[in-house]
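# Geometric and topological summary
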Amino acid sequence: MLIVNADLDGCRVDVRFNQRIEEVAAGLKPRPDEQVVDAQGGALLPGLHDHHMHFLATAAWANSVDCGGLLISDARSLRQLLQQQSGEGWLRGVNYHESVAGDLLRWQIDELIDQRPVRIQHRSGKVWMLNSAAVERINLQAFANQQGVEVDAQGVVTGRLFRLDDWLREQLASDLVTDVKALSDELSSYGITGFTDTSATNTDTTAALFADWRSQGILRQRALLMGGDQLRDGPLKIILDEDALPPLPDLIARLGRARAAGRSFAFHCVSHVELLYALSALDAVKTDHRDRIEHAAVVFDEALPMLRESGVSVVTQPGFLWQRGARYLQDINDREVNYLYRHAGIAAAGINVVVSSDAPYGPLNPWQVLHTATDRTTREGVIIGAGECVDVETALTGYLRHPQCLTQPPRRITVGVAADICVLKKPWREAVKNVLDVAVLATVCDGELIYQAADPRPTVGI
Ligand SMILES: [Zn+2]
């Protein structure tokens, strides 16, 4: 395949590739039957890699509604919420509490919405409530005798399922595939060719599932999984909670076992105490340049020397400042607020900082994340920690790091590397002026075109 007329570091070039990039030069001539994409002067970048996200949760949230939000106070408002969701397939409600509209059996949900299958999860996470369309879709009546499936006095299923999450997921497997494909396509449209799924619950089974989706072409991105002790390959994700820290010797022993198996570590740290605890544990085992701190949501200056010495990378999420900034300003004391999701300040101390999304909890769109790294402005327009802003190129570097080792130099478009490519609609010198406005023209992963804008007209001014 050939991409012609692309802007690479200010020069007009053509790029030929299969799974790897074969030629980068001006004036390459298409071969017979070769697929050609005209970049029309748009910037040529390596495909982006989101180093911290939760893929399945993001896929699920895309078709979910919050049935416990502030504005949902009665059956009428719940009906309105459910009815206004677009689409025809499964709709998932979460966070329901009976104070809204009482206990929900299938017939009560039918009165709210009956034209598509709906499942609503109770806030406790213990109960799923299905409407009749959903009951029919999974043929629930056939499972009336199964433990956890509620039936009425006549033996008719009521639509309520108690602690049957895994079973329900199996019944919905084909719908999950639809969600995975939709999210993968969305990532492709942003120029994303890979992601690291940082869920601590990932196991070898999850890894096999991702590999399966990838081989079937349902998932188009490269996926690196981290997970708990039940995952053989990939970083060990360690969740630290300052209110329930594990005994340090236990943690060190756990790290020792994982290191002996060749694994690196990723510590979830959102408080100063959690960060110090992670660094203390790391200090006791042989450090590895693949190790990382996820979030590092609060980093006081006093932690910087230890952080630098540890050699870890910080995987941060500036998008939270945009999405949740107003709440931070309300809830967090003045001392901490300027140390939130730092970037420039800790990078200046010699620490490798990499931006990422943490979707679905932070915004998924990498161009929103990059923009917030540069202006650190909340949705409401308040700047948090102005001294921590970085320029777009610095932030973008994070998305170009090698997923297995964040300290390696950023990936580049050059002969011999894997053909993971993102082409923008504008040359870089234009795109950089307003990164929020960036539109992707084409995305290539592993040599295959996984996204092409519907109407790739030349951008005015080229
Ligand atoms: Zn996360």
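Scoring rules and cut-offs
- Residues numbered from 1 in each chain as written.
- Predicted model: local features only at pLDDT ≥ 70, side-chain atom pairs only at ≥ 80, totals over all residues.
- Heavy atoms only, no water.
- Domains from an automatic or database assignment.
- Contact = heavy atoms within 4.5 Å.
- Salt bridge = Lys/Arg side-chain N within 4 Å of Asp/Glu carboxyl O.
- Nonpolar A, V, L, I, M, F, W, Y, C, P; charged D, E, K, R; others polar.
- Helix = DSSP H or I, 4+ residues; strand = E, 2+ residues; numbered from the N terminus.
- Buried < 20%, exposed > 50% of the residue type's maximum accessible area, 1.4 Å probe, protein only.
- Pairing = 2+ DSSP bridges.
- Right-handed = clockwise from strand over helix to strand, strands pointing away.
- Phe/Tyr/Trp six-rings, centres within 6.5 Å; stacked < 30°, edge-to-face > 60°.
- Lys NZ or Arg CZ within 6 Å of the ring centre and 35° of its normal.
- Arc of directions from axis to C-beta.

### Some points on the domain arrangement of the protein chain
What the domain assignment reports for the protein chain is domain 1 (2-47 + 414-452), domain 2 (59-172) and domain 3 (235-399). Domain 1 and domain 3 are separated by 32 Å when their C-alpha centres are compared. Contacts between the two partners involve nine residues from domain 1 and, on the opposite side, eight residues from domain 3. One can count zero salt bridges joining domain 1 with domain 3. Broken down by class, the residue content of the side of domain 1 that touches domain 3 amounts to eight nonpolar, one polar and no charged.

### With respect to the pattern of salt bridges
A complete count under the given rule lists 19 salt bridges for this structure. One salt bridge connects arginine 214 with aspartate 446, and the closest N-O pair in it is separated by 3.9 Å. Here the residue arginine 214 occupies a position in helix α8 (residues 204-215), and aspartate 446 occupies one in the loop between β21 (440-445) and β22 (448-452), the gap between them amounting to 232 residues. In this structure aspartate 446 comes out as partly exposed when scored by relative accessible area, which is 23%. Aspartate 301 is the partner of arginine 342 in a salt bridge, and the nearest nitrogen-oxygen pair spans 2.9 Å. Remark: aspartate 301 occurs in the loop between β17 (292-295) and α11 (304-310) and arginine 342 occurs in the loop between α13 (334-337) and α14 (344-348); sequence separation between them is 41 residues. Sharing partners across several salt bridges, the network here consists of Arg16, Glu23, Arg31 and Glu34.

### Describing the pairing of strand β18 (residues 313-316)
Along a regular strand, successive side chains alternate from one face of the sheet to the other. Burial along β18 is two-sided: the face carrying Ser313 and Val315 and the face carrying Val314 and Thr316 are both buried. The sheet contact formed by β17 and β18 spans three bridges and is parallel. By the bridge assignment, isoleucine 293 is partnered in β18 with valine 314. Traced from β17 through α11 to β18, the parallel crossover comes out right-handed. With four bridges joining them, β18 and strand β19 (residues 352-355) adopt parallel strand pairing. Bridge assignment links threonine 316 to a residue of β19, and that residue is valine 355.

### Focus: the packing of aromatic side chains
How two aromatic rings sit relative to each other is set out by the distance from centre to centre and by the angle between their planes. Inspection of every chain in the model, using the stated rule, returns ten aromatic pairs. A ring pair is formed by phenylalanine 55 and phenylalanine 210, whose centres lie 5.8 Å apart and whose planes are at 70°; its orientation type is edge-to-face. Of this pair, phenylalanine 55 sits in helix α1 (residues 55-61) while phenylalanine 210 sits in helix α8, placing them 155 residues apart in sequence. The same class applies to phenylalanine 55 as to phenylalanine 210, namely buried. When the ring centre of phenylalanine 300 is taken as origin, the NZ or CZ atom of arginine 335, which lies over that ring, is 4.1 Å away. Against the face of tryptophan 322 rests arginine 379, its NZ or CZ located 4.3 Å from the ring centre.

### Points about helix α2 (residues 75-83)
Those residues of α2 that fall on the buried side of the exposure criterion are Ser77, Leu78, Leu81 and Leu82. An end-on view of α2 places all buried positions within 135° of arc, on one side of the element. Projecting away from the buried face of α2 at angles above 90 degrees are the exposed residues Arg76 and Gln80. Where α2 is buried, its residues meet β7 (64-66), β8 (91-96), α3 (98-101), α4 (106-112) and β9 (118-122).

### Quick notes on unusual backbone geometry
Negative phi is the rule for most residues except glycine; trans is the rule for most peptide bonds. Residue proline 360 is reached from alanine 359 by a cis peptide bond, and omega for that bond is 10°. Of note, proline 360 is situated in the loop between β19 and α15 (366-375). Even without being glycine, glutamine 40 reaches a positive phi, approximately 55°. With respect to the secondary-structure elements, glutamine 40 resides in the loop between β4 (36-38) and β5 (44-46). In this structure glutamine 40 comes out as buried when scored by relative accessible area, which is 18%. For asparagine 95, which is not a glycine, the phi torsion comes out positive at approximately 70°. Its place among the elements puts asparagine 95 in strand β8. According to the relative accessible area criterion, asparagine 95 is partly exposed, its value standing at 26%.

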